[in-house]
Amino acid sequence: MDQKKSQSLVSLASSRPLKSAPKSAFSRSNIALTIIFTAIVILLVNHWWLAVRLSVSDAQQGHVHSSLTSFLRDYSGFLADTSHRSDDPFILSPFCSRCFRSKYDNKRACVEVINEKQQQVNISAHEAAKQVSDEAQNCKICDPNYCLDLYFNGTQKESIFDGKRSRFYDNYQTKFWRFDRSRPKFTSPTTLTLPSIPKENRIPPHRFKNISSYFIEKYESSPLGYDHGIDFLIEYNPGLAVIPPKIKKKLPNEAVYLLSLRVTPANNCFPHDEYKKLPKAVWEAVLLGMKNHLGLALLDDQYRILPGYDVVIQLDTQIGLKRTMKEYDSPTFMDYRLFVLNGDLYLHANVDTVAVSKLDLRAKGFGDGDGDGNNESRSIPPVRKHGNENFDRPYKLRNLYGGDLLEVTLQRQFITIWSGGHGGKNFALFSVPNVTHPVSPDSVYVEINITPEHHVQQVLPDEYDQLTLQQVFELMWKKGTKKKRHANIDKIGQRSMKVVGNMTKSDESPEASFHTTDQYWFPGKTPFKVNSHGGACCVSFSLDDINMGGTQHNHHEPLLVGIAHTKVPWQPWYSKDHIPQERKDMLPHTHYVSFFYAFDPRPPFQLRARSGYFCLGHTPLSRDGQLPPTEGGIFNQHSILTRDRPLKQHNVTYECPQIEYISAFVEKADDKSSAVIHTVPNNCTRFIVGF
């Protein structure tokens, strides 16, 4: 790569993650932040120069791209033939990526017609592409000459390739990366296991091979059925936050992070066929049971759990919100996550939509005798169907497992976010400086949707409007509904988080910075859902950091960065017997991938860049229960199980779990040049990685 382009990449991508865009973040510069640059840029642009020279990714006709989008577009190229093996890191094609998404007519993709023409008249791929591009305007982008001219804008192409125009056209191709080869490089992988969960509540490893029999035995020995839940527990779906100073002073000095976990029998640890063997009642008890606890743990700066400071809390029962299977098909709370906003610690949980409360923590004995932090007198007013409880006073929670060294207080009852409608989940909360009142607290926002359009709503997280029950029912079902129910959770639904102004909506997201094999294997189709879920947000790239290290200061605003996930959705044809199993196996449903995205830190929070798809891979294996030297944390016996249910597509097995999403992405507490990711393989285990 020539020096000028190398400097340009460094200039744009050298960035440091910050907690939630604090006021000083947008002016701070630290040369050590080239570490985080390396991590993110490896994901977004390491494909630029992996082989010999550049190849091209298409650009929209007549559209002048910003320098940021140009940077993120994939130049990845290779002087090689297009034959490939299933374990190659990428597939090569002479056609621009948009050619694979373009349609010749209502039934056929442009690439399919090009391949047909090649076979019929025995001509080169370039010749066939030229003919097809002349026949259909939608396929014009498939002509390599047109695509390259359009992208490189004439003279730029000549300067890069010294005027060797024909060699440029003939030899440079587009890469379509495997999901497990496009992932960022990470350091310090750390598995986590809650020591507080009793051994008798763990699945014995020797039963992994015959797990369906184990599930049946546990169901038959459980006198309370699936409302109570089968008597074993698995922890996953983590949230992670740097402990804010006002709470940290009440905890051991070593405490740096707070970890949250969903603790439940529900899991996807084992191959799909094992669950299919189960009787219906057992299947429901395993996957739909009402037992879903909150796990919390204090971590040190190496992500190790502080001994004695991890707990499991039966939250729904304590505050009067537990559901029963007779009335509902899901537990009250799922997928707990943590956010720090204006110095306070917030707990997020998926319910009918998303509900948020505020937490306080202290170590046992802190402040006893002087009134500082002593909350022994706090009691829990449970939700009742009738009565006027004081929902806005603190509730001290009892620990189901884990002793009493860590005391947890719910500062107030939950408030519901209705901005995403009924069924909303995994909203990210973030804050940015108040532009109009710089000395005021940061403005708080909820990220409702990421792609294709970025939807964001400003909120007041500690204030709510009181709705009527009828208004709650109309939000859940439809306006004017006659449907009703008698559920304690609806009292939480009546507490609707206050919003400020209207929800913002950005333009559609830019093209991905690199291309992946799904585009190549399924031309004219979009196997993964376009509407992506939030996974983890946000860290900040300051203006100084973005432009650090290069001569082209070509971006003029800070950026916020998050990580989203999407999946191949289930569709009715998967259940049709006349559809060959071979077709279903080519595109299995409910297989997940992730991607980075970057957006402006102000309304309308325009998406400026996004990566292609990737997966982080399996948790590291151990030998005789011992972790490899590069691995930290506590060995989790479920780690090996993620390999039994891998990501598959087009008869290719990837080195990734079938279900994987990143649920936390935060700045590393003691190193402003690094970030931390927390991921969930197969709803079975979890591990932390650093950048």
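As shown above, the structure is provided for reference.
Just so it is clear, the model here is predicted, and its values are computed rather than measured. (Residues numbered from 1 in each chain as written. Predicted model: local features only at pLDDT ≥ 70, side-chain atom pairs only at ≥ 80, totals over all residues. Heavy atoms only, no water.)

**Some words on the side chain of Asp 180**
In step 1: Inspection of the secondary structure assignment puts Asp 180 in the loop between strand 2 (174–177) and strand 3 (187–191).
In step 2: Taking the relative accessible area as the measure of exposure, Asp 180 reaches 2% and is therefore buried.
In step 3: Side-chain polar atoms of Asp 180 contact the side chain of Arg 181, separated by 3.4 Å.
In step 4: At 2.7 Å, the side chain of Asp 180 and the backbone nitrogen of Glu 655 are in polar contact. (Helix = DSSP H or I, 4+ residues; strand = E, 2+ residues; numbered from the N terminus. Buried < 20%, exposed > 50% of the residue type's maximum accessible area, 1.4 Å probe, protein only. Polar contact = N/O pair within 3.5 Å; in protein donor to acceptor, adjacent residues only side chain to side chain.)

**What about the packing of helix 10 (residues 211–220) against helix 14 (residues 280–287)?**
In step 1: Where helix 10 meets helix 14, the axes come as close as 10 Å, and the angle between the chain directions of the two elements is 90 degrees. Comparing their axes, helix 14 and helix 10 come out roughly perpendicular. For the pair helix 10 and helix 14, the contacting residues are Phe 215, Ile 216 and Tyr 219 in the first and Ala 281, Val 282, Ala 285 and Val 286 in the second.
In step 2: Each residue belonging to the contact of helix 10 with helix 14 can be placed in one class, and the counts come to 7 nonpolar, no polar and no charged. (Axes fitted to C-alpha atoms, helices over the stretch in contact; angles between N-to-C directions. Parallel < 35°, antiparallel > 145°, perpendicular 65-115°, else oblique. Contact = heavy atoms within 4.5 Å. Nonpolar A, V, L, I, M, F, W, Y, C, P; charged D, E, K, R; others polar.)

**Some thoughts on the packing of helix 5 (residues 110–121) against helix 6 (residues 125–135)**
In step 1: Between helix 5 and helix 6, whose axes approach to 9 Å, the crossing angle comes to 125 degrees. Considering the angle they form, helix 5 stands oblique to helix 6. Crossing handedness for the pair helix 5 and helix 6: right-handed. Packed against helix 5, whose contacting residues are Cys 110, Val 113, Ile 114, Lys 117 and Gln 118, the element helix 6 presents Ala 125, Ala 128, Ala 129, Gln 131, Val 132 and Glu 135 at the interface. (Left-handed = near helix turned anticlockwise from the far one by under 90°.)

**Overview of the sheet that holds strand 22 (residues 607–610)**
One key point about sheets: their strands pair by backbone hydrogen bonds, in either a parallel or an antiparallel sense.
In step 1: Reading across the sheet, the 4 strands line up as 19-20-21-22 and stay open at both edges, with antiparallel pairing between neighbours. In this open sheet, the two strands that pair with only one neighbour each are strand 19 (533–541) and strand 22. Between one strand and the next, the sheet's axes are offset by a mean angle of 25 degrees, whatever the strand orientation.
In step 2: Pairing between strand 21 (residues 592–599) and strand 22: 3 bridges, direction antiparallel. Bridge assignment links Tyr 597 to a residue of strand 22, and that residue is Arg 610. (Pairing = 2+ DSSP bridges.)

**As for the sheet that holds strand 18 (residues 515–516)**
In step 1: Taken in spatial order, the 3 strands make up an open sheet running 1-2-18, and their pairing is mixed. Whereas interior strands pair on both sides, the edge strands pair on one side only; in this sheet they are strand 1 (90–93) and strand 18.

**Remarks on the pattern of salt bridges**
In step 1: Inspection of the entire model under this criterion finds 29 salt bridges.
In step 2: A salt bridge links Lys 291 to Asp 231; the shortest N-O distance between them is 4.0 Å. Residue Lys 291 is found in the loop between helix 14 and strand 6 (293–299), and its partner Asp 231 is found in the loop between helix 11 (225–228) and strand 4 (234–242); the two are separated by 60 residues along the sequence.
In step 3: Since its relative accessible area comes to 6%, Lys 291 is described here as buried. (Salt bridge = Lys/Arg side-chain N within 4 Å of Asp/Glu carboxyl O.)

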